[in-house]
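Observations on chain architecture
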Amino acid sequence: MDTTAKQASYVIDSVAKAVANWTVDEHARLNPQMPERYGASWRADWIGHTLAQLHMLAQAVAVRSPVLFANSVRWTHESFEARGITEADLKQNARCMREILEKELPPAISQNALPILDASLTSLPVQATDTGNQNAGAQDAGESLVKEVVLKYLTAILESDRVAAESIVLSTLDRGLSVPDIYEKILSPAQSRLGQMWHRGEISVADEHFGSATTQAVMSQLRPSFKRADRNGRLVVGTSTPGDLHEIGLQMVVDLFELDGWGVVYLGANTPIADVVELLKRRKPDLLALSVSTALMLRDAGELIETVRADHDVAQTKLLIGGPPFRSVEGLWRELGADGCALTSTEAVKVGNMLVSV
Ligand code: B12
């Protein structure tokens, strides 16, 4: 990561609370009918939204990506419009935020942030979204089986029926699907679909939690049917950044490395950077697989990579990165200093093998 951009990013985060309050004050001054339109919690709600935008702007500044911020703004608008919040108000809020940032930030900082904010207010072309691989597998022979199973699995989840959900997926083993197929064509698209429904306010957080817990239970039950290749002597450590609570994508990735014959040290979600480095020193893996589940974790991912690179004991560890933000912003993994990037778990194993063979 560029040092100046990174510093600007931290400054934006540190002033975010104050800027969010001033932005909402200004927004309400220009639109006195806000309390009436958005109800008793209007102020807290808009401060929450503005804060979220500022934190995302900070991440986009750190990795110097207007596309990242524009995608996030568009993504937020989709969700807010589904909840009755108008595009006009969201744009007005963004304009007020811009005004405050321009007034309050030192020019050395604002020159990193304002062009990124401005690009989102104009018609910046948006690249692919991060809604996940919902159509994975649609083109092959098992297409109709896969579609049917995803639908039945989601229905069982929405009915809170864990036993039915588990047996729907586990029975596909007898119908010829492999574990990687089940991960990529059933569980992964089902999780993405749950995310989309939650984003649009169609299901509750509880439904999403139930679905994710069920997916993890299914994955554990698939382990006895793993057909592992002979051990190849390679070792991968799988981790995510501090504060990242998503673990399903990373778990899929490391499971497929295991099937390919690799030894796996899976750290799961939310691992402190110092502890990752200490483990790398102790285990000396061939590969570090770093999962970044949302754009809000990008700067920490960059910090983790920089810390690994700065420690001469582990600096040479090959570093593979992946997760939803890399689907929508080309070249982002290079900006963070990784050696390679993959968008799915099957691709992760291919790229991982390539990285350690050179
Ligand atoms: C389940 C879920 C959660 C659960 C996670 C539970 C768990 N035990 O894992 C919980 C409730 C904790 C959660 C919280 C949040 N979430 Co969430 N979550 C999801 C959801 C619905 C599914 C994630 C998932 O399991 N996907 C399935 C896996 C298989 O897909 P994947 O992660 O993309 O992984 C694949 C690839 O990316 C790749 N990959 C992944 N890791 C790696 C690593 C390497 C090395 C490689 C090579 C490849 C690779 O391979 C995987 C397999 O193909 C997604 C929606 C979605 N579209 O994915 C939102 C989503 C990721 N969450 C989102 C958000 C915003 C949040 C919150 C900020 C919400 C909030 N306001 O609190 C918090 C953040 C909490 C935190 N600090 O981390 C957003 C991110 C948006 C963005 N622009 O960045 C999403 C996209 C939902 C949305 N509607 O906007 N979430």
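Here the structure is a predicted model, which is why all the values come from computation and not from measurement. (Residues numbered from 1 in each chain as written. Predicted model: local features only at pLDDT ≥ 70, side-chain atom pairs only at ≥ 80, totals over all residues. Heavy atoms only, no water.)

1. Regarding the overall build of the chain
- The secondary structure content of the chain amounts to 16 helices and 5 strands.
- Its C-alpha radius of gyration of 22 Å places the chain within 12% of the 21 Å reference for a compact globule of 358 residues.
- In terms of overall dimensions, the chain has C-alpha extents of about 65 × 50 × 30 Å along its principal axes.
- Out of the 358 residues belonging to the chain, those deemed buried represent 52%.
- Summarising the internal contacts of the chain: among those between residues at least 6 apart in sequence, 77% fall at separations of at least 24.
- For the chain, the exposed surface amounts to about 16,200 Å²; the carbon and sulfur share of it is 54%.
- Side chains of the chain give 34 positive and 45 negative charges; the mean places of these two sets differ by 2 Å. (Helix = DSSP H or I, 4+ residues; strand = E, 2+ residues; numbered from the N terminus. Rg over C-alpha atoms; globule rule 2.2 N^0.38 Å. Buried < 20%, exposed > 50% of the residue type's maximum accessible area, 1.4 Å probe, protein only. Contact = heavy atoms within 4.5 Å. Areas by Shrake-Rupley, 256 points an atom, 1.4 Å probe, with all protein chains shown as cover. Lys, Arg positive; Asp, Glu negative; His and termini not counted. Charge placed at Lys NZ, Arg CZ, Asp CG, Glu CD.)

2. Thoughts on the coordination of the cobalt atom of the ligand
- A lone protein donor binds the cobalt atom of the ligand: His246 (NE2), at 2.3 Å.
- Mapped onto the elements of the fold, His246 is located in the loop between β1 (235–240) and α11 (248–259). (Donors = N, O, S within 2.8 Å, 3.2 Å for Na, K, Ca; no water.)

3. Here's the deal with the domain arrangement of the chain
- Domain annotation of the chain identifies domain 1 (3–121), domain 2 (143–225) and domain 3 (235–357).
- Approximately 1,000 Å² of surface area, both sides summed, lies buried where domain 2 meets domain 3, with 60% of it carried by carbon and sulfur atoms.
- The three residues of domain 2 that bury the most area against domain 3 are Tyr183, Glu184 and Gln216, which together make up 47% of that side's buried surface.
- Counting every contact that joins domain 2 to domain 3 gives 2 salt bridges. (Domains from an automatic or database assignment. Buried area = accessible area lost by both parts, 1.4 Å probe. Salt bridge = Lys/Arg side-chain N within 4 Å of Asp/Glu carboxyl O.)

4. Some details on the packing of aromatic side chains
- Considering all chains together, one arrives at 2 aromatic pairs under this definition.
- Ring centres of Phe257 and Trp262 lie 4.8 Å apart, and the angle between their planes is 70°; this geometry places the pair in the edge-to-face category.
- Judged by relative accessible area, which is 1%, Trp262 ranks as buried.
- In this arrangement the basic side chain of Arg299 is found over the ring face of Tyr10, its NZ or CZ atom lying 3.9 Å from the centre. (Phe/Tyr/Trp six-rings, centres within 6.5 Å; stacked < 30°, edge-to-face > 60°. Lys NZ or Arg CZ within 6 Å of the ring centre and 35° of its normal.)

5. Brief notes about the site of the ligand
- Around the ligand, 42 residues are found, and the nearest of them are Trp75, Gly243, Leu245, His246 and Ser291.
- Within the backbone of Leu245, an N or O atom sits 2.8 Å from an oxygen atom of the ligand.
- Of all the secondary-structure elements, those providing two or more residues to the shell around the ligand are α9 (179–199), α10 (205–222), α11, β3 (287–291), β4 (318–322) and α16 (345–357).
- For the shell around the ligand, the leading source of residues is α9, giving 7 residues.
- A per-class count over the shell around the ligand returns 17 nonpolar, 19 polar and 6 charged.
- Counting only domains with at least three residues in the shell around the ligand, you end up with domain 2 (143–225) and domain 3 (235–357). (Near = heavy atom within 4 Å. Polar contact = N/O pair within 3.5 Å; in protein donor to acceptor, adjacent residues only side chain to side chain. Nonpolar A, V, L, I, M, F, W, Y, C, P; charged D, E, K, R; others polar.)

6. Notes on the pairing of strand β2 (residues 263–268)
- Relative to β2, β1 is paired through 5 bridges, and the arrangement is parallel. Within the sheet, the bridge partner assigned to Val237 lies in β2 and is Val265.
- In this fold, the crossover linking β1 to β2 by way of α11 has right-handed handedness. (Pairing = 2+ DSSP bridges. Right-handed = clockwise from strand over helix to strand, strands pointing away.)

7. Remarks on the packing of helix α7 (residues 143–158) against helix α8 (residues 162–170)
- Interaxial distance between α7 and α8 falls to 8 Å at its minimum, and their mutual angle equals 165°. Taken together, the axes of α7 and α8 lie roughly antiparallel to each other. The crossing of α7 and α8 is left-handed. Between α7 and α8, the contacting residues are Val149, Lys152, Tyr153, Ala156 and Ile157 on the first element and Ala164, Ala165, Ile168 and Val169 on the second.
- Partitioned by chemical class, the residues of the contact of α7 with α8 number 8 nonpolar, no polar and 1 charged. (Axes fitted to C-alpha atoms, helices over the stretch in contact; angles between N-to-C directions. Parallel < 35°, antiparallel > 145°, perpendicular 65-115°, else oblique. Left-handed = near helix turned anticlockwise from the far one by under 90°.)

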